[in-house]
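# Survey of secondary and tertiary structure
Listed below, chain by chain, are the residues.
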Protein chains: 2
Amino acid sequence: MLSDIDICRTTSLSPISEIAQQSGLLDSEFHPQGFHKAKVSLNAVNRLKDNIDGKLVVVTAITPTPLGEGKTVTTIGLSQGLKKLGQSVMACIRQPSMGPIFGVKGGAAGGGYSQVAPMEELNLHLTGDIHAVTAAHNLAAAAIDARIYHEQRQGYEAFETRTGLKALKIDIKNVVWKRVVDHNDRALRMVTVGRNEVNKTINGYEREDGFDISAASELMAILALSKDLKDLRSRIGRIVVAYSLDGEPITTEDLQVAGAMAVSMKETIEPTLMQTLEGVPTLIHAGPFANIAHGNSSIIADSIATKLSRYTITEGGFGSDMGFEKACNIKASATDKKPDCAVIVATLRGLKANSGLYDLKPGMPIPDSIYGNDSNALQAGFENLKWHISNVAKYGVPAVVAINRFPQDSDEELNLLKSWIEALEQDCRVAISEGFAKGGEGTKELAQQVIAACENEANFKPLYTLDQPIESKLMAVCEGGYGAARVTLSYQAQKQLELYEKHGFNHLAVCLAKTPLSITTDGSIKGAPTDFDVVIRELRLCAGAGFIYALCGNVMTMPGLPDKPAFMSLDLDDEGNIIGLS
Amino acid sequence: MLSDIDICRTTSLSPISEIAQQSGLLDSEFHPQGFHKAKVSLNAVNRLKDNIDGKLVVVTAITPTPLGEGKTVTTIGLSQGLKKLGQSVMACIRQPSMGPIFGVKGGAAGGGYSQVAPMEELNLHLTGDIHAVTAAHNLAAAAIDARIYHEQRQGYEAFETRTGLKALKIDIKNVVWKRVVDHNDRALRMVTVGRNEVNKTINGYEREDGFDISAASELMAILALSKDLKDLRSRIGRIVVAYSLDGEPITTEDLQVAGAMAVSMKETIEPTLMQTLEGVPTLIHAGPFANIAHGNSSIIADSIATKLSRYTITEGGFGSDMGFEKACNIKASATDKKPDCAVIVATLRGLKANSGLYDLKPGMPIPDSIYGNDSNALQAGFENLKWHISNVAKYGVPAVVAINRFPQDSDEELNLLKSWIEALEQDCRVAISEGFAKGGEGTKELAQQVIAACENEANFKPLYTLDQPIESKLMAVCEGGYGAARVTLSYQAQKQLELYEKHGFNHLAVCLAKTPLSITTDGSIKGAPTDFDVVIRELRLCAGAGFIYALCGNVMTMPGLPDKPAFMSLDLDDEGNIIGLS
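Residues numbered from 1 in each chain as written. Chains lettered and ligands numbered in written order. Predicted model: local features only at pLDDT ≥ 70, side-chain atom pairs only at ≥ 80, totals over all residues. Heavy atoms only, no water.

### Some thoughts on the relation of the copies chain B and chain A
Inclusion rule: Residues below a pLDDT of 70 in either copy are left out; the C-alpha atoms of the rest, at least 70 in both, set the least-squares superposition of the copies. Contacts: residue pairs with any heavy atoms within 4.5 Å of one another.
Relative to chain A, chain B is turned by 180° and slid 0.0 Å along the rotation axis, the superposed coordinates differing by an RMSD of 0.0 Å. Interpreted geometrically, this transformation is the action of a two-fold axis. Relative to the rotation axis, the closest C-alpha in chain B is found at Gln 33 of chain B, a distance of 2.0 Å. Comparing contact sets, 100% of the residues at the interface of chain B also lie at the interface in chain A, consistent with an isologous, same-surface contact.

Written out as structure tokens, the structure reads:
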């Protein structure tokens, strides 16, 4: 079989204006950016506001191996399968971060015959939205340090007299807004900024700081959760970036930088339209990770797609304990649109990995042995799939299991797994999906199952409502969702909880930041564990995004590069074509 | 008179495809990015390679006030004047950094009726080139720290065995590649990266580092000096990022990251086409500052424009001691194309400021008194203009003084200044330029003088040739150019010079990084000083760009934000339009 990039290059693509017109957009509602990308205006939603929304299908997965189980392949493949069946369909995916592309994971455009194309345009820069988020984020960081510098250097009173501004008296030890870059750069996790030559303050006042990856920026979450530009602007203004010496929260509005941040992010509000290899219109918008952020495609992209098409296929990052949980508890609380169907991607490889009989580590290759027949491991790992099926059922959303076929898989094991699923008591559909090898032809069965699952009205219910106390919302996710025996907060987290409650942030959702490699907070525990604890190490307030992060276990908000990073194989050939991207 | 942004919004612009076609580009040679921007392919240069090049006019200036003397206004105005006279003309300018836009200076699109439009698209993100430069730069930084981390953590031998790569043994105290952001962020000038909790190394190995503004990145200089994508790729591979424990230079090629950096910068190779308010096609490309970098529009943009048009108007940053010097000594040594004419922008305000009789400081408003009649100050400051006229003459390039009129200026003083210039022995043309208030109508006289000046062949000669020793090249610029009495190198600079000579970097050009507010390296010394010293504090090798930076005086490679930054007035109005940008 050809490599992803070769399949992509040998497929003839339509001009993006044709794709836009076919999807029902007026010429005034999209702006081509080169041949293969277009920004899409939100005017389309207003124009079509009286139309009935199409069905929103969220693709999720079992607990994945570090390399993923092909969720984007299935998302793109399914959309192509629905098109083959003559349905009107759009896909919505997140913009890939460049960190993983240069680090371990490679591109995030799907793969094989189920890709968004051209994959190099999707994977690198796209239309610049992540860069604009990064720029707006770091503008606020520069504004904080500049304010500290001028207030301390001039003295509070002199500062007020000279500038006519109120001194904010920022507590240099209580700045909670870090900086971001869109790279895997472990050396930036903990830094000291404002260092000077001895006895000088020309570079500011030294303090401990750190960088997160841009996908973990609150602004990325805000972009994904905003309804429109006005909502974006007002959410940005609610961000708490620091506390004063008196312990009062200081917002971007207090710094008078919220407007400039919104200006910098103005163009990001429009999703980018591309196409799959089989011409399905695909919206790419925002890029929050699902381990350290809420991990779902944007509300705006979904709202455009559901107005324009009968089926919208979108994905929530990692397993159903991660992105799908957040789709239901965070994203759905910020919009009227609820999931109509969940597709759970399972693979033989991934289920065997969940048996605990194989030793898989991030950054290490998958052992070949996992692709051989091993019904014991498959059966042990099947517990994990059952867990995810019942997890989806907790939200009242009908589920379809997509068994994503890898080239090495045997018909025998695939059919065995399928028969187990069909024999479950739980009401759940199943199909073998061959999007990677066959494109839409390979996902027609899956598409039919999804159509059937969508025929009934979903009976959607989240695990909590926003009016519950924060601790009860954490329990709802960890105990009600993950099935943990109990949740405990570290001393630091407990203090933070009290602070947030004191300042009236009780009404926010909760966003669990944990490893995606286990249902628990320990990535080495596979399968469907019970009787485990969730320890919340630290809380972080995201008043603009509308949730409180709960950091569990060793989850890092800044990845590192491995010893042989993916960037080593990337280059340009003599004709200027990109080589080595996968 | 209307504000810049209101003038811009009330002017009707042509679709960029019409502008591209009118400028002589084939449809296959440009890719629209929205309505008002297009990326331009280098294929146009190949197609037209047998055409005679048009004239290259470099706009420079007297020693400016901190607010600038209207060089971009004059560049855009002159191009519009030439169009009014029926000439075929294009303008080439640099992409504005967002640092100054959010900091002090505001936008960099020109002003009044001589603007590149839409100014908000030019000033914010444009087509993402600066972001791509930033991303490629910081990828190399992450690669360095990741390599240090893995080699030190595993041990050199174990690293080699495990990865099959050669251990680079990077000297943690001799990493010369900093990180960059496109912000004015003084707290990032000196940082410690790789900090850890006590006795851990999980975040890497602690070392002192710093951030420059992206405009000071060697990659920005490389982009501006490259002839094509192949040249860009090979220049990137020559960058020296660190030294080994044995003192050997380590390049991006050694890190195997040069290819990925080129991939990240692939799209930046194409200049962005926009238009002036009067429809002159304008190429925007690369953005090196002229104080801390070489400060000129790109070789690629110039080569496209000179193939397509009879006149190409470009600018070199700040006064003729800064950008113009670098246009002649750095840029011209990397291309066949030499300046045919220099336009020296002078203002009554700027000349009076050069009298030393007014106290102007960066970040402070210009006192109103400077706009009143004051022929003493004007006469004293005139010495500065005479200096710049003779400076341009050193390069054998014909000069035209453009007296850029401000609304407050009196006819009396303008005509007085004009008469002084006409009375000079030095062969020099002059015109009053009213591009700001009147657009091309206000620059017709200037355009006629430029046409006349271009009629004779320039007798171009740089101040040095690349085969001279580095120290002799530094003397050529400082003594031969600035007129300094002598150049001295600090101990650190002397050691660096020896190191570069040892490793065979003698053949590189030199790039003086100094204040633009004086011909000397002390911004408070105005006028046309003589008998001053230049002390070179530090050298920095840019083997990929092809020059060695010489840092003089207090020049900072990372600006800071003032106490009332420009970002405070920026916001979106209820319709989502940007307000407060100027």
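### Overview of unusual backbone geometry
Excluding glycine, residues mostly carry a negative phi; peptide bonds, for their part, are mostly trans. Selection criterion: Numbering of helices and strands runs from the N terminus, with a helix taken as a DSSP run of H or I at least four residues long and a strand as a DSSP run of E at least two residues long. Throughout this description, buried means an accessible area under 20% of the type-specific maximum (1.4 Å probe, protein chains only), exposed means over 50%, and partly exposed covers the range between.
Here the bond from Ala 117 of chain A into Pro 118 of chain A is cis, since omega is -5°, no more than 30 degrees from zero. Structurally, the position occupied by Pro 118 of chain A is in the loop between β6 (114-117) and α6 (119-123). With phi around 50°, Leu 126 of chain B is a residue other than glycine that occupies positive phi space. In this fold, Leu 126 of chain B is placed in the loop between α6 (119-123) and α7 (129-154). For Leu 126 of chain B, a relative accessible area of 9% puts it in the buried group. In the Ramachandran plot, Gln 256 of chain B falls in the positive-phi region, its phi being about 55° despite a non-glycine side chain.

### Here's the deal with the packing of helix α10 (residues 229-237) of chain A against helix α11 (residues 258-265) of chain A
Residues and elements named next belong to chain A. For clarity, the cut-off: Convention adopted: a line fitted to C-alpha atoms gives each axis, helices being fitted over their contacting stretch, and angles between N-to-C directions are expressed from 0 to 180 degrees. Should an angle fall under 35 degrees it is taken as roughly parallel, and over 145 as roughly antiparallel, whereas 65 to 115 is taken as roughly perpendicular and any remaining angle as oblique. Handedness of a crossing is defined here by the sense of rotation of the near helix relative to the far one, left-handed for an anticlockwise turn of less than a right angle and right-handed for a clockwise turn. Residue polarity follows a fixed list, in which Ala, Val, Leu, Ile, Met, Phe, Trp, Tyr, Cys and Pro are nonpolar, Asp, Glu, Lys and Arg are charged, and the others, Gly among them, are polar.
Where α10 meets α11, the closest approach of the two axes is 9 Å, and the angle between their N-to-C directions is 140°. When the axis of α10 is compared with that of α11, the two are oblique. For the crossing formed where α10 meets α11, the hand is right-handed. In this structure, α10 uses Leu 232, Arg 233, Ile 236 and Gly 237 to contact α11, whose residues at the interface are Ala 258, Gly 259, Met 261, Ala 262 and Met 265. Partitioned by chemical class, the residues of the contact of α10 with α11 number six nonpolar, two polar and one charged.

### Quick notes on the environment of Gly 210 of chain A
Residue and element names in this part refer to chain A. Among the secondary structure elements, Gly 210 is positioned in the loop between β10 (207-209) and β11 (211-213). Gly 210 sits in the buried class, given a relative accessible area of 0%. Spatially, the C-alpha atom of Gly 210 lies 22 Å from that of Gly 295, the residues being 85 residues apart in sequence. Residues in contact with Gly 210, not counting those within four places in the same chain, are Lys 178, Arg 179, Leu 188, Arg 189, Met 190 and Val 191.

### Regarding the sheet that holds strand β20 (residues 486-489) of chain B
All names here are of chain B. For clarity, the threshold we go by: DSSP calls a pair of strands paired once it identifies at least 2 bridges connecting them.
Pairing within the open sheet is mixed, and its four strands lie in the order β20-β22-β23-β21. Strands at the two margins of the open sheet, each flanked by one partner only, are β20 and β21 (509-513). Strand after strand, the sheet turns through a mean of 40° between neighbouring axes, direction not considered. Relative to strand β23 (residues 547-552), strand β22 (residues 533-542) is paired through six bridges, and the arrangement is antiparallel. Bridged to Leu 539 within β23 is Ala 550.

### Quick notes on the sheet that holds strand β13 (residues 249-251) of chain A
Residues and elements named next belong to chain A. Strand order in the open sheet made by the three strands is β7-β12-β13, with antiparallel pairing throughout. Edge positions in the sheet fall to β7 (170-175) and β13, since each of these pairs with one other strand and no more. Neighbour-to-neighbour, the strand axes of the sheet open up by a mean angle of 50°, direction not taken into account.

### Considering the UniProt feature "binding site: ATP" (unreviewed entry) in chain A
Under the convention used in this document: UniProt positions are given in the numbering used here, feature names are shortened, and annotations may be inferred rather than shown by experiment.
What UniProt calls "binding site: ATP" (unreviewed entry) maps, in this numbering, to Thr 65, Pro 66, Leu 67, Gly 68, Glu 69, Gly 70, Lys 71 and Thr 72 of chain A. With respect to the helices and strands, Gly 68 of chain A occurs in the loop between β3 (55-61) and α4 (71-84).

### Observations concerning the interface of chain B and chain A
How we decide: A 1.4 Å probe defines the accessible area here, and the buried area is the portion of it lost by two parts on being joined, summed over both. Put simply, a salt bridge is a Lys or Arg side-chain nitrogen that is within 4 Å of an Asp or Glu carboxyl oxygen.
With 76 residues of chain B in contact, the opposing surface of chain A contributes 76 residues. Between chain B and chain A lies a buried interface of about 6500 Å² when both sides are counted; carbon and sulfur atoms form 63% of it. When the buried area of chain B at its contact with chain A is split by residue, Met 190, Arg 195 and Asp 563 of chain B rank highest and sum to 11% of it. Applying the counting criterion to the chain B and chain A interface returns eight salt bridges. The closest approach of N and O atoms between Asp 571 of chain B and Arg 233 of chain A, which form a salt bridge, is 2.7 Å. Of all the elements, α7 of chain B adds the most residues to the side of chain B that touches chain A, at 13 residues. Residues belonging to the side of chain B that touches chain A are distributed by class as follows: 37 nonpolar, 21 polar and 18 charged.

### Points about the nonpolar core
What counts is decided by this rule: Joining through side-chain atoms within 4.5 Å is the link that ties buried Ala, Val, Leu, Ile, Met, Phe, Trp, Tyr and Cys residues into a set, and such a set is a nonpolar core.
Counting residues in each nonpolar core, the largest one holds 286 residues, and the members touching the most others are Ile 536 of chain A together with Ile 536 of chain B. Excluding residues that lie within four positions of it along the chain, Ile 536 of chain B makes contacts with Leu 474, Val 487, Thr 488, Leu 489, Ser 490, Ala 493, Leu 512, Ala 550, Leu 551 and Cys 552 of chain B. Formed by 30 residues, the second largest nonpolar core is a distinct cluster that contains Ile 62, Cys 328, Ile 344 and Ile 389 of chain A.

### Some words on the environment of Val 175 of chain B
Residue and element names in this part refer to chain B. Here Val 175 shows up in strand β7 (residues 170-175). For the pair formed by Val 175 and Pro 249, sequence separation is 74 residues and the distance between their alpha carbons is 9.9 Å. Sequence-distant contacts of Val 175, defined by excluding residues within four places in its chain, comprise Ile 144, Ile 148, Ile 170, Arg 207, Val 241 and Ala 242.

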